[in-house]
Amino acid sequence: METKTTTHSAPQIVDVGSVVEAVSAQDSDAPLYEVESLCMRCGENGTTRFLFTLIPHFRKILLSAFECPHCSERNNEVQFAGEIQPRGCHYILDVPSGDKKMFNRQAVKSESATIMIPELDFEIPPEAQRGSLSTVEGILLRAADELEALQEERKKVDPQTAEALDEFLIKLRACATGESHFTFILDDPSGNSFIENPCAPSPDPTLTIKSYERTPEQQAALGYVADTSQKPILDETNNISQRQEEPHGSVGARAGRRAIAQGNSTEIADALFRYSAPEEVMTFPTTCSSCATNCECRMFVTNIPYFQEVIVMASSCDACGYRNSEVKPGGPIPDKGKKIIVHVKNIRDLCRDVIKSDTASVEIPEIELELASGTLGGLITTVEGMISQISESLERVHGFTLGDSLDDNKRSKWKEFRANLDKLKSLEAPWTLILDDAMANSFIAPATDDLKDDTQLTFEEYERSWEQNEELGINDMDTSAADAAYHSADEETHA
């Protein structure tokens, strides 16, 4: 097997593995590698070309293209050279009939993504179309061509199925040419697929983006679940749940709590333990989501003043250095949703602590920015840190905003929006941050000791709509059995 490169200075490559290693070692200006490989159609040798490149503000990808000079067979594939994202992604694109611009949206489909069109009861599984860089129209036409490829043989063997497939292909091509209205759904557990938003950085009314936690089956399909048959051997010093009895932080020492309790002064206790650390930290084993190595996750429960009880979980991997932290709400589901409005006017406002749950949406009216719930996930940061997170997230998600395919008008619009984000942190003018959380699990800390004295911070409660309860799964909750058990326990206690 011979291999050559388009640059004379690059070393000679002898196999595909060496090509991948050499290409991956190049951070930029990677050369084009050519590898002689077998054609699966005619059995002769063809040429496969590899190119490692970076889609601006999206992902590092490895492009491979095969061509056979004997039978003219061609094939191309996109493989992602970066990491799997922490959460899966789910894109829903509403495509009206007659809108030709909708079909020019660029789309990245990874090798683990599934495409669905509910109106046709049509699904493209991950193994049917491997990783590709195309448009909405290109994906549909490719699917139609592949279904039509064996129609002549199918008509001879099973005429009834071939006739039904011909009728389906007419409907599919009608969708691909814009004659019919349909819904284009792209679901990727790895989070590495993408559909272009031509309205970026403004929201697109026809495009819905959701992120979700992967199921154990999806984790296993991606190869990031340890073998469950190999159970770890635990002794008395390595239990599933451990209690760390040492005080976690000097402020949260038990002696200090006991002294204040004996002093019987609730005001002193509230002031001292406003941001107190917990006494007990729970430690349990888990698996690193980056390298699948066994590591530890630490969890503790704490109360945040003017807010509620929260559960903080943090894990770190000694093998690869990966770190992750997460905040979960504690206690019951609130009866009402909550909207938090803060008017940012000075440096002190930028330093306010912010807890954003994964059910909260973010809005900044001054720059017409709206982020749907789940966009940034759950995080603990400051107001300034949230703006930085938004900027980094938009750069990562909108992969084609600064690519070669973008026209000058859209590129200048995106650069202007980035400049407006930077102006928010420099406080060139006052602006407003709005967190709308249907589960009331988000929080912005006051800048004063008493919440009532903070005139720039407003909390508004509202009744959730039926659609919000349906999306959160509250409508399907049945707590009658638990309520009956609690009532019977109370009656036994009083008796």
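Just above sits the structure.
Criteria and cut-off values
Residues numbered from 1 in each chain as written. Predicted model: local features only at pLDDT ≥ 70, side-chain atom pairs only at ≥ 80, totals over all residues. Heavy atoms only, no water. Pairing = 2+ DSSP bridges. Helix = DSSP H or I, 4+ residues; strand = E, 2+ residues; numbered from the N terminus. Axes fitted to C-alpha atoms, helices over the stretch in contact; angles between N-to-C directions. Phe/Tyr/Trp six-rings, centres within 6.5 Å; stacked < 30°, edge-to-face > 60°. Expected span 1.5 Å × (residues − 1). Buried < 20%, exposed > 50% of the residue type's maximum accessible area, 1.4 Å probe, protein only. Arc of directions from axis to C-beta.

With antiparallel pairing, the five strands of this open sheet are ordered in space as S9-S8-S11-S6-S13. Looking at which strands have only one partner, the edges of the open sheet turn out to be strand S9 (122–124) and strand S13 (207–212). Along the sheet, successive strands turn relative to each other by an average axial angle of 15°, direction set aside. Both strand S6 (residues 88–95) and strand S11 (residues 182–188) contribute to a ladder of seven bridges, which runs antiparallel. Paired with Tyr 91 across the two strands is Leu 186, which belongs to S11.

The subject of this paragraph is the packing of aromatic side chains. As enumerated under the stated definition, the model contains three aromatic pairs in all. Consider the rings of Phe 103 and Phe 182, whose centres lie 6.1 Å apart with planes at 45°: the pair is tilted. Taken as a pair, Phe 103 in the loop between S6 and strand S7 (106–109) and Phe 182 in strand S11 lie far apart in primary sequence, 79 residues in all. Centroid distance Phe 122 to Phe 168: 5.3 Å. Interplanar angle 50°. Geometry classified as tilted. Residue Phe 122 is found in strand S9, and its partner Phe 168 is found in helix H4 (residues 159–176); the two are separated by 46 residues along the sequence.

With that settled, consider helix H10 (residues 408–426). In this model, H10 (19 residues) spans 27 Å end to end at C-alpha, consistent with the 27 Å of a helix rising 1.5 Å per residue. Among the residues of H10, those classed as buried are Arg 411, Trp 414, Phe 417, Leu 421 and Leu 424. Here the buried residues of H10 occupy an arc of 135° about the axis, which is enough to place them on one side. Residues of H10 that are exposed and point more than 90 degrees away from the buried face comprise Asp 408, Asn 409, Lys 415 and Glu 416. Residue Leu 427 follows H10 closely and has a positive phi angle near 55°.

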